[in-house]
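Chains, contacts and geometry: an overview
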Amino acid sequence: MLWVIMAVVEVICAIVAVIYYNVLIRRLLSLLFPKWKLRLPVKILLWVISFALGALSSNLFTTTGVVMVHIMAAALVMELINFIIKKKTKGAPHKYWDMIFKSLLVPLLITAVIFAYGYYNIRDVRETFYTVQTEKSLPDTGSENGFRILLITDSHYGTIFEGDTLRELKSRMDALEPDLVVLGGDIVDESTTKEQMKEIFSEFGKLESTYGVYYVYGNHDRQTYTDSPYFTPQELEDTIVESGIAVLKDECVKVTEGVEIAGREDYSGMRGRKSVSEILAGADPSDYIIMADHQPVEYAENEAAQVDLILSGHTHAGQLFPSGYVMKWFHTSDLYYGHEKFGDMDAVVSAGVAGWGYPIRTQKHSEYTIIDVKNV
């Protein structure tokens, strides 16, 4: 039933978009050619163009579609401003305002500024630090940082960076001297070539840490959303393992005395993934237990199983404004971004090193996340 409602809403939105594009085009033509009478062939052509623009706008999984939607949203804001101005001027706005309104220059300029910012912002990869506390005994790292975890998620390798930029990021991460590195999924995706896949895991496998690098699958890593994958799931796993990275698939391992890490198969792709209680059946409850799960879901189950820290990504903190707020308001996951306490369990969701699909980010920033676990 939900899918039917969504389909109906999409059809209605598409029809409205086509009609609105036709209005915008006619308005622009009235400015450029005020005395021009629109003949039937021209009207038909305008509808064809409107349908084409509507089709481009309907696919939000393409950069073109996102650009078109931003232009339309900015144009709707201009409609509201124009309505207010007409009310204030009793239907006789200044001629210069009328020219600005009909020209579409403002929506195009706003969209250009937003995308220029998004292009810069997604490449501005930051370090985000959180400190969590525990009463459990932790290994003596000899550092005032306590037990330091480096969380890397959602690089979607090839979207915005590769080669020298990757090595520069690795150098910055090494300087943090983490005790444990967690790769939280979607390190690669459908656009990542086999050579790129090998490159990023080779580099991440060389990350300097006290107790190694651990990895869980995301929903994109195995290239399940394309009919023409660049590599097979087995080639992916072989590459990860050969790079010296430990793959966690619904299992829990002891990192060192006092610390265990569990990793789950991705929520969307594995119907048969084990429950948290099954995965932690052999874990020592006195150890500090870390759960790596690409998608921030099933927090209640993790809290009930006495997980101390759960690490996720997936949400990109929205990536494109206002998606993050929509996630938060409609509670599409247990946590859309940041650090929160759920009972005795700490939860951290990273915005990710990059983004999926579009080489832009207009909400939050790209990041890798450092969690310092300290004794109370």
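Residues numbered from 1 in each chain as written. Predicted model: local features only at pLDDT ≥ 70, side-chain atom pairs only at ≥ 80, totals over all residues. Heavy atoms only, no water.

1. Focus: a nonpolar patch on the surface
Definition in use: Patches were defined on residues exceeding 30% relative accessible area and lacking a salt bridge, with like-charge contacts within 9 Å and nonpolar side-chain contacts (Val, Leu, Ile, Met, Phe, Trp, Tyr) within 5 Å. All accessible areas in this document rest on Shrake-Rupley with a 1.4 Å probe, and a residue is counted as covered only by the protein chains that are shown. We define a salt bridge as a side-chain nitrogen of Lys or Arg found within 4 Å of a carboxyl oxygen belonging to Asp or Glu. Only DSSP runs of H or I covering at least 4 residues are called helices, and only runs of E covering at least 2 are called strands; the numbering of each starts at the N terminus. Working definition: with a 1.4 Å probe on protein chains only, accessible area under 20% of the residue-type maximum means buried, over 50% means exposed, and in between means partly exposed.
On the surface, a cluster of nonpolar side chains totalling about 550 Å² of accessible area is made up of Val11, Ile15, Ile19, Val23, Trp47 and Phe51. Going through the elements one at a time, α1 (2-32) and α2 (40-58) are the ones with two or more residues in the nonpolar patch. Take the nonpolar patch: its biggest share by element is four residues, from α1. Mapped onto the elements, valine 11 comes out in helix α1. Among the residues examined, valine 11 registers a relative accessible area of 49% and is labelled partly exposed.

2. Concerning the sheet that holds strand β4 (residues 213-215)
In plain terms, the rule: Whether two strands pair depends on DSSP finding at least two bridges between them. Two residues qualify as a contact provided that any one of their heavy atoms is within 4.5 Å of a heavy atom in the partner residue. Note on geometry: axes are C-alpha line fits, over the in-contact stretch for helices, and angles between N-to-C directions span 0 to 180 degrees.
Spatially, the six strands line up as an open sheet ordered β1-β12-β2-β3-β4-β5, and their pairing is mixed. Each edge of the open sheet carries a strand with a single partner, namely β1 (126-134) and β5 (246-247). Direction of pairing for β4 relative to β5: parallel, over a ladder of two bridges. Bridge pairing links tyrosine 215 to valine 247 in β5. Contacting β1, β2 (147-152) and β12 (367-375), helix α6 (residues 164-174) crosses the sheet at an angle of about 15° to β12.

3. Here we look at the packing of helix α3 (residues 63-88) against helix α4 (residues 95-103)
As a reminder, the rule being used: An angle counts as roughly parallel when it lies under 35 degrees, as roughly antiparallel when it exceeds 145, as roughly perpendicular when it falls between 65 and 115, and as oblique in every other case. Note on convention: the crossing is left-handed when the near helix lies turned anticlockwise from the far helix by less than a right angle, right-handed when the turn is clockwise. Amino acids outside the nonpolar list (Ala, Val, Leu, Ile, Met, Phe, Trp, Tyr, Cys, Pro) and the charged list (Asp, Glu, Lys, Arg) are all regarded as polar, and Gly is one of them.
Between α3 and α4, the least distance of the axes is 11 Å, while the angle of their chain directions is 160°. For the element pair α3 / α4, the angle class is roughly antiparallel. Of the two possible hands of crossing, α3 and α4 adopt the one that is left-handed. Contacts between α3 and α4 involve Met78, Glu79, Ile81, Asn82 and Ile85 from the former and Trp97, Ile100 and Phe101 from the latter. The residue inventory of the contact of α3 with α4, partitioned by class, reads six nonpolar, one polar and one charged.

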